[in-house]
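Single-letter residue listing:
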Amino acid sequence: MLLAALVLVPFLGSLLAAVMPADARNRESWLAIAVAAGGLLMAGSLYPDVAAGQVLREELAWLPAQGLYFVLRVDGLAWVFTMLVLAIGLLVVVYARYYMSPADPVPRFFAFLLAFMGSMLGVVLSGNLVQLVVFWELTSLTSFLLIGYWHHRADARRGARMAFTVTATGGLCLLAGVLVLGNIVGSYDLDVVLAAGERVRADELYLPALVLIALGALTKSAQFPFHFWLPHAMAAPTPVSSYLHSATMVKAGVFLLVRLWPALAGTPEWTWIIGGAGVCTLMIGAFIAIFQHDLKGLLAYSTISHLGLITTLIGIGTPLAIVAAIFHILNHATFKASLFMAAGIIDHETGTRDMRVLGGLRHALPVTATLAIVASAAMAGVPLLNGFLSKEMFFAETLLVGGDTNWWMSYAALAMGVFGVAYSLRFISIFFGAPSEALPRAPHEPPRWMRSPVELLVLTCLVVGVLPGLSIEPILHVAAVATLGPAMPEYDLAVWHGFNIPLLMSTLALAGGVLLYGLLRRYLQLKERDTVPLVHRLNGAQIYENTMLRLTRGAGWLLKHLGTLRLQPQLLLLMLALLGVPLLLAGAPPAWSDSPRQGFDPLFTAIWVIGGGCAIAAAWVAKYHRLAALALVGGTGVVTAATFLWLSAPDLALTQLMVETVTTVLLLLGLRWLPPRIKAGAGQPAPGRLAWLRRSRDLLVATAGGLAMAALTYAVLVHPASDTIADFFLQNALTGGGGSNVVNVLLVDFRSFDTLGEITVLAIVALTVYALLRRFRPAPESVAIPAQQRHDVDPASAQTPAEQAGSGYLLVAGIYLRLLLPFMGVVAVYFFMRGHNLPGGGFVAGLIFSVAILVQYMLAGTVWVESHLQLRPHRWLGFGLVLACATGLGAWLFGHPFLTTHTAHVDWPLVGELHLPSAFVFDLGVFVVVVGTTMLMLVALAHQSLRAHRLPGDEAARAAPPVSGRRTL
Amino acid sequence: MELTLSIAVGVMFGAGVWLILRPRTFQLITGLLLMSYAVNLFIFAMGRLWVAQPPITPTPAVDPALFADPVPQGLVLTAIVIGFATTALYLVMIIGARGLTGSDHVDGEEPRE
């Protein structure tokens, strides 16, 4: 569990950090330090195993049926990266404690930073390629959040968006590449993939896989032509730049390339794609870095160039080049992280990062200046520092590429070395010369603990540079062996190898760099230049912005020409698709093999003449006579219910009948808020030709739809039924479910999980209706009491509903129904109780009970009912859901799966033996939810009239000005 | 009987489609109601037609061939109740839209022709 803990602990820390108060800077830092230090201890304890060449694996079943396992594995390479991520992380959080200002909301910062740490460890430790991509995208996401940390700044938002778009797109390419790779190998397991190198390289899909994976790696590691996002990511707080954008995240790309080296490398394609991108990047990055004015900008381009160096080494692909690549990854992480921290200190102390302003800082910041100068020297490749060693290995490797004749790679390397020295000089120039007068703040040495991470890193640079064999060699060996295996080359990390060509190249680079810097200062006005000479037209960011703009415009164009906000065309298309698509998908129509099972029944036909007539009539009058249409639809509904009863579905008939009642009441309540109906003919222009055409078209679609549906139904009905699971339900309902009404047993027992989902949906819909109605603002002309309720003769029309209830409005009917309430309650209980064995059950009983309450509302009025009957539909909803869930969970107590029914047989006095299955309690939950849903929706709707009626009659119409009654959203 | 039911389903569905293509919100809700009847009956008919053979088993050992198919019935029962809930939701949407836009046209504004 150690590996799982390594990945999980940072995420847990992230959660914890997120909930701390905004000013808890110290607590946040201690938490982050504890997480990083704990991780270091855990990872450190793995060293003996890893150094012995073991691969430690932990597996958790994820989707075992799909062959997907959550695999964490650590070998030498992964271990070294884990240590790098955690060690730099530890230093960065210490540094960040002093860097972040008290005004910054630190919980967000540390939460994101720790989440990044976890994601990065996930990338490094993943033993499954798909899982690796998931963590990979998580690093992109956390990087996005961290770059955009100061989201009030436009450059931060822009930089975050750019970095995310580029790296996440690369991540998608990587996913595709990994899928191709997994397809070639037949497994996503890293160990299997690494062992299948021969097969991968021989496969015809090798090139697509390589290109896609390279796209992922190159975007992440900011390689040309995707390098432009990194300088814009410098809008992040400096600890983030130091951690993510120089030491760890941008190394994920090169890490992946090293990781997959055994599987993918060794072909000309590999060298050309990876090496080519690397060479372009190292040249361009180093060159542009010289001309930056922003400290962090210089460091960003320098990072790009060094990443290019590493990529080039990986592209060269010889075992020794891989060793050099891993070595340079470590070296670059140490000196670049310390340089970023130094830049942060300078920014923090002086208030600016502009090298045109900064100068003479060695007087005010002597210690920081010394540290930064040493780190810059490491970056430039000065002997006795770590950068020198790996750079010399790089020079040596470039010499091997072209053989004796082709030297272009070495020239490129040399040029990069020269540029590197030049920009390092440019960087340290801020410490020399006269102290600048124009600084926003007078600088002082930073707090001790802010500087100590830098000191530690610079010390590492020195130790590795002077004593490589003692310090870094064992670690490097562990990582290299894990990657190269038997191909492990002989090499010797030493400062002095005698006079050879790489040493000559290093010397030339140093001398050339100094010369170049001097020339540039003198003749090219380095401090005043605004553009980079030669390559200033090569603006990746601009190309990116243009592309995004075109994409947005293109999307807008497509939306304008292919989309519509109008519902009618959408519905027409939907209906046409409903008609057309099944025809395309279905094969030949089946033969009409079977004759009808049931004979012709004139009475059945007669009721459907009525039902169908009602449907057509409803369609005809729905525009002008809403009430009539509603009644007609109700007629069709009743005929449907009768059909259910006729055709052996008594439960359905009951439900349909009750739903019909409730729906009609619901729509009646809603009708009131619709605009007055349009008088046919009166003042309306006769429909034009266009309208006739439209109607004919719709009629055609409707007729076709009806015919198709009829034909389909008939085709099914004259075919014998195939075997279904119905037989199982019928045979087991009584024995297994303890009820003879199979439909009810189906609902509350066999498929009760389904029903649980359904009542949840009901509750959600009811709450949505309630929420929508809380914000409901009727149209101003609907506010007044409708004309139908106003009549001079009727005294009730001048009364509010409360007054009506008090003065005996509809008194006889009201009292009659009040007396009926207990009887209807009993009926509901009766239907509920018998539900398991005879037609009935929670749904039906709930609806009956709701209707019982509803008629009280209708006749006695809302005010009277609510003053006599405390009904809280919200609670009914909650209670019902809890009841149903608790019943299901109860099964767990007895070791059965969720929602298993248990039947108890109880002997009750008078009543006799009673079956009490736990499904009964579940059904009670259904009952309660149905009552709650119905009541909540209908009562909420009814209350709208009450609200509007507070002003009686015409006054409301007058009081409500046309506009103020409406809310603008 | 099969033919009668098929035609009935077709008539209700056709009337529903016609109403769904109309411009007023109330027409739309009526159309949805009719369509849901049609579709419920259609799903119900997948269990074929049985007269006087409800799926209520008096004894444990029964011949399944003598009872109506309970599965479509169970499905349709829940469909009816959910249909009611969605009708309520749609109703609230249309009266809310009418209050907000001042129009009961499905597009939220009167046609410009």
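These numbers come from a predicted model, not from an experiment.

**Comments concerning the UniProt feature "domain: MrpA C-terminal/MbhE" (unreviewed entry) in chain A**
Consideration 1: Sequence positions flagged by UniProt for "domain: MrpA C-terminal/MbhE" (unreviewed entry) are, in local numbering, residues 693-790 of chain A.
Consideration 2: Secondary structure across residues 693-790 of chain A divides into 70% helix and 0% strand, with the first and last C-alpha atoms of the span separated by 41 Å.

**Describing helix α21 (residues 408-428) of chain A**
Consideration 1: Its 21 residues give α21(A) an end-to-end C-alpha distance of 30 Å, which sits within 8% of 30 Å, the value for a rise of 1.5 Å per residue.
Consideration 2: The element α21(A) is extensively covered by neighbouring structure, given that 17 of its 21 residues are classed as buried.

**Observations regarding the interface of chain A and chain B**
For interface size, the figure often reported is the accessible area lost on association.
Consideration 1: With 110 residues of chain A at the contact, the number on the chain B side is 87 residues.
Consideration 2: Both faces considered, chain A and chain B share a buried interface measuring about 9100 Å² in area, 77% of it formed by carbon and sulfur atoms.
Consideration 3: The interface formed by chain A and chain B contains three salt bridges.
Consideration 4: Put simply, D107(B) and R566(A) hold a salt bridge, and the shortest N to O gap is 3.1 Å.
Consideration 5: One can count 17 residue pairs in polar contact (both at pLDDT 80 or more) joining chain A with chain B.
Consideration 6: Ranked by residue count, the leading element in the side of chain A that touches chain B is helix α31 (residues 689-717) of chain A, at 15 residues.
Consideration 7: When its residues are assigned to classes, the side of chain A that touches chain B shows 66 nonpolar, 27 polar and 17 charged.

**As for the nonpolar core**
Consideration 1: Grouped together as the largest cluster of nonpolar side chains are 205 residues, with contacts concentrated most on W229(A), L264(A) and W270(A).
Consideration 2: Among the elements that take part in this core, helix α17 (residues 319-350) of chain A stands out by supplying 19 residues, more than any other.
Consideration 3: Each residue touching L264(A), except ones within four places of it in the same chain, is listed here: L181(A), V200(A), R201(A), Y206(A), L210(A), I213(A) and W270(A).
Consideration 4: Counting residues in each nonpolar core, the second largest holds 121 residues, with A618(A), L671(A), W673(A) and L49(B) among its members.

**A closer look at the packing of aromatic side chains**
Residues and elements named next belong to chain A.
Consideration 1: Taken as a whole and judged by the stated rule, the model has 26 aromatic pairs over all chains.
Consideration 2: Between the aromatic rings of F728 and F750, the centroid separation amounts to 6.0 Å while the plane-to-plane angle is 55°, which identifies the pairing as tilted. Pair noted here: F728 is in helix α32 (residues 726-737) and F750 is in helix α33 (residues 742-750), with a separation of 22 residues, a long-range link.
Consideration 3: Look at F728 and you get partly exposed, because its relative accessible area is 45%.
Consideration 4: Owing to a relative accessible area of 26%, F750 belongs among the partly exposed residues under this scheme.
Consideration 5: Grouping aromatic residues by their ring pairs yields a cluster made of F832, F849, W876, F920 and F927.
Consideration 6: The ring of W673 has R672 lying over it, and the distance from NZ or CZ to the ring centre is 4.3 Å.

**A look at the UniProt feature "transmembrane region" (unreviewed entry) in chain B**
Residue and element names in this part refer to chain B.
Consideration 1: According to UniProt, the positions carrying the feature "transmembrane region" (unreviewed entry) are residues 6-21, 28-51 and 71-92.
Consideration 2: Annotation note: span residues 6-21, helix share 94%, strand share 0%, distance between end C-alpha atoms 23 Å.
Consideration 3: In residues 28-51, helix accounts for 75% and strand for 0%; the two terminal C-alpha atoms are 34 Å from one another.

**What to know about unusual backbone geometry**
Consideration 1: Here the residue pair F224(A) and P225(A) is connected by a cis peptide bond, since its omega of 0° sits within 30 degrees of zero.
Consideration 2: For P225(A), the position within the fold is in the loop between α10 (206-220) and α11 (229-232).
Consideration 3: At L384(A), a position not held by glycine, the phi torsion is positive, near 75°.
Consideration 4: Among the structural elements, L384(A) can be located in the loop between α19 (366-380) and α20 (386-401).
Consideration 5: Residue classification places L384(A) among the partly exposed residues on the basis of a relative accessible area of 44%.
Consideration 6: In this structure, A52(B) takes a positive phi of about 55° despite not being glycine.
Consideration 7: Structurally, A52(B) can be placed in the loop between α2 (25-45) and α3 (70-101).

Analysis parameters
Residues numbered from 1 in each chain as written. Chains lettered and ligands numbered in written order. Predicted model: local features only at pLDDT ≥ 70, side-chain atom pairs only at ≥ 80, totals over all residues. Heavy atoms only, no water. UniProt positions renumbered as here; feature names shortened; annotations may be inferred. Helix = DSSP H or I, 4+ residues; strand = E, 2+ residues; numbered from the N terminus. Expected span 1.5 Å × (residues − 1). Buried < 20%, exposed > 50% of the residue type's maximum accessible area, 1.4 Å probe, protein only. Contact = heavy atoms within 4.5 Å. Buried area = accessible area lost by both parts, 1.4 Å probe. Salt bridge = Lys/Arg side-chain N within 4 Å of Asp/Glu carboxyl O. Polar contact = N/O pair within 3.5 Å; in protein donor to acceptor, adjacent residues only side chain to side chain. Nonpolar A, V, L, I, M, F, W, Y, C, P; charged D, E, K, R; others polar. Core = buried A, V, L, I, M, F, W, Y, C linked by side-chain atoms within 4.5 Å. Phe/Tyr/Trp six-rings, centres within 6.5 Å; stacked < 30°, edge-to-face > 60°. Lys NZ or Arg CZ within 6 Å of the ring centre and 35° of its normal.

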